[in-house]
Amino acid sequence: MENCKDLKILPDSICELKCLQTLNLSDCSKLAKLPPLNGLKSLKKLHLISCGIIELPTQLSLSLVDLTLDHCSDFKILRDNICELKCLETLALRYCSNLEQIPPLNGLNSLKLLEIISTSIIGIPSELPSSLVHLSIMCCRNLKNFPTNIFELKSLQTLRLNGCLILEKLPSLNALTCLTSLGFSSSTIVEIPSELPSSLVHLSITDCRNLKILPANIFELKSLQTLCLSGCTILKKLPPLNALTCLATLDLSSTAIVEIPAELPSSLKNLRLENCQYLRVLPRSIFGLKFLEIHLPDCSNLFKSLPLNVLRRLMFLSPSSRIEIQKEITIRNRLSYRVAAAIRKRIKRLQKH
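Let me sum up the structure you'll find in this document. (Residues numbered from 1 in each chain as written. Predicted model: local features only at pLDDT ≥ 70, side-chain atom pairs only at ≥ 80, totals over all residues. Heavy atoms only, no water.)

Describing the overall build of the protein
Phase 1: A tally of helices and strands in the protein yields 3 helices and 13 strands.
Phase 2: Among the 353 residues that make up the protein, the fraction classed as buried is 46%.
Phase 3: On the protein, roughly 17,800 Å² of surface is accessible, and the fraction owed to carbon and sulfur atoms is 53%. (Helix = DSSP H or I, 4+ residues; strand = E, 2+ residues; numbered from the N terminus. Buried < 20%, exposed > 50% of the residue type's maximum accessible area, 1.4 Å probe, protein only. Areas by Shrake-Rupley, 256 points an atom, 1.4 Å probe, with all protein chains shown as cover.)

Let's talk about the pairing of strand 4 (residues 90–94)
Phase 1: Sheet topology note: the strand 3 (residues 66–70)/strand 4 ladder contains 5 bridges and is parallel. Residue pairing in the sheet places leucine 67 in a bridge with leucine 91 of strand 4.
Phase 2: As judged from the 5 bridges shared by strand 4 and strand 5 (residues 113–117), these two strands associate in the parallel manner. Paired with alanine 92 across the strands is glutamate 115, a residue of strand 5. (Pairing = 2+ DSSP bridges.)

Digging into the state of the cysteines
Phase 1: Applying the stated criterion across every chain, the model contains 0 disulfides.
Phase 2: Free cysteine: cysteine 164, not disulfide-bonded; nearest cysteine sulfur from cysteine 140 at 5.3 Å.
Phase 3: Of the residues examined, cysteine 164 reaches a relative accessible area of 1% and is grouped as buried. (Disulfide = S-S within 2.5 Å.)

So, the environment of leucine 25
Phase 1: Among the structural elements, leucine 25 can be located in strand 1 (residues 22–26).
Phase 2: Spatially, the C-alpha atoms of leucine 25 and histidine 47 are 6.1 Å apart, while their sequence positions differ by 22 residues.

Points about unusual backbone geometry
Phase 1: Non-glycine residue aspartate 207 carries a positive phi angle of around 55 degrees.
Phase 2: Here aspartate 207 is to be found in the loop between strand 9 (202–206) and strand 10 (226–228).
Phase 3: Here the phi dihedral of serine 254 falls at roughly 55 degrees; this positive angle occurs in a residue that is not glycine.
Phase 4: When you line up the elements, serine 254 lands in the loop between strand 11 (249–251) and strand 12 (270–272).

Some points on the nonpolar core
Phase 1: Within the largest apolar cluster, 100 residues are counted, with the highest numbers of intra-cluster contacts made by Phe146, Leu159, Ile205 and Leu273.
Phase 2: What leucine 159 contacts, discounting residues up to four positions off in sequence, is Leu135, Phe146, Ile150, Leu173, Leu179, Ser181, Leu182 and Gly183. (Core = buried A, V, L, I, M, F, W, Y, C linked by side-chain atoms within 4.5 Å. Contact = heavy atoms within 4.5 Å.)

Overview of the pattern of salt bridges
Phase 1: For the coordinates displayed, the defined rule picks out 5 salt bridges.
Phase 2: The partner of glutamate 55 in a salt bridge is arginine 79, with the nearest N and O atoms 2.3 Å apart. Here glutamate 55 is found in the loop between strand 2 (45–49) and strand 3, whereas its partner arginine 79 is found in the loop between strand 3 and strand 4, with 24 residues between them in sequence.
Phase 3: Take glutamate 55: its relative accessible area is 27%, and that puts it in the partly exposed class.
Phase 4: Residue arginine 79 is classed as partly exposed on the basis of its relative accessible area, which comes to 34%.
Phase 5: One salt bridge in this structure joins arginine 94 and glutamate 115, with 2.3 Å as the shortest N-O distance. With arginine 94 in strand 4 and glutamate 115 in strand 5, this residue pair connects regions lying 21 residues apart in the sequence.
Phase 6: Its relative accessible area of 16% is what places glutamate 115 among the buried residues. (Salt bridge = Lys/Arg side-chain N within 4 Å of Asp/Glu carboxyl O.)

Focus: the environment of cysteine 299
Phase 1: With respect to the helices and strands, the residue cysteine 299 is situated in the loop between strand 13 (293–295) and helix 1 (300–305).
Phase 2: Sequence separation between cysteine 299 and leucine 279 is 20 residues, and the spatial gap between their C-alpha atoms is 7.7 Å.
Phase 3: If near-sequence neighbours (up to four positions away) are discounted, cysteine 299 is found in contact with Leu273, Glu274, Asn275, Cys276 and Glu324.

Here we look at the side chain of aspartate 66
Phase 1: Tracing the chain through its elements places aspartate 66 in strand 3.
Phase 2: Of note is the side chain of aspartate 66, whose polar atom sits 3.2 Å from the side chain of histidine 47.
Phase 3: A distance of 3.0 Å separates polar atoms of two side chains, one belonging to aspartate 66 and the other to threonine 68.
Phase 4: Beyond its immediate sequence surroundings of up to four residues, aspartate 66 is in contact with Lys44, Lys45, Leu46, His47, Leu88 and Thr90. (Polar contact = N/O pair within 3.5 Å; in protein donor to acceptor, adjacent residues only side chain to side chain.)

By themselves, these figures tell us nothing about what the structure is for.
Given below as C-alpha cells:
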C-alpha cells in the first residue's frame, strides 16, 4: 500500500491475512497508528516509509524477519516488546528524527543487521545481540556514548560510525575477531583505539578533523588491504607501513601529511595524494613498486619541490596528473633555457672585455 496519503487507519481485519508475507506502507503520511499484527503468522517484512506513525503496535508478528522504519519523523518510541521478535534479522531505523532512545536488543537472537541513521539517540543500547554481523550508525548528531561491551559481538564483521559529531572516543575493538571492515567519518575523535583486530581488511577514517595520530601498532594488521585517511586535515605523520603486506590502497588525500614513510609495502597498487598541500617529498621506494599508480591532483607544491628527473619518472606512475606534471617540466625547461641563454650572453660580454 503505497502513496495512500489520506489513509488514517488500517482495519483490525488485516490480521485475517494469514498468508501475508510483506506489508509495505509507504507515503501514508496520515497513518499514525497500526492495529495489532500478531495474527499475521506468515509476515516476514514490515516496511513503514514516510508514515505518520508514532509507535509500533504492542503486538507484532513473531515471524518478522525485516523491520524497517524510514523517514517516519513522528516516530518516538521503540518499545521493549521488540525483543519478542526472535526471528528478526534486520532492524533499520532511518531518519526517525524524534527517536531518542532504543531499548536493550539482546533478546533479538537472530539479528544480523542493525542500521540507525539520523535519529536523536544519545547512546547505543548497552546490550546488543551477539548475533550481529553488521552495525551502522550514521548522522546521529547527539550520540555521545558507545557501549564498552561491544567486544562481546564476536560475529561482527562491519562497523560504520559516520556523522556522529560529538562522539569523541571508541572502546577497545581488538576482541572483535571477525571484524573485517571498520569505518568512521565526520566525528570529533582525536585518536582511534590503540588495539585493533588483526582481522581488519578495510579501515576508513575520513573527515575526522581532530584526528592527529594513528596507533603505532597498525603494522600488526597483516590482512589490511585498504587504508583511507582522506579529509583528516591535521594528520601530519604516519607510522611505518611496510609490514602491511596485503595493503593495496592508501588514501591520504586532503591531509596535512608532510612526508610518506620511507618504506612502503610491495603490495601497494593505489596511492591517493589529492590536495596534499604540505607534501614536499616522495620516498624513493615508490619507484620500485611495479604495479603502483599514484593520484596527485592539486599537489602543485610537491611538483615544484621535486627534482626534474623525479618528475619525469613520476609521469609514468601518475597518469591522472600527467598534464600537471608536464606543465611543471615545461616551465622548468623554459626557465633552464632562459638561464642558459643569459649565462651565454654574460660569457660573451666577458670575452669581449
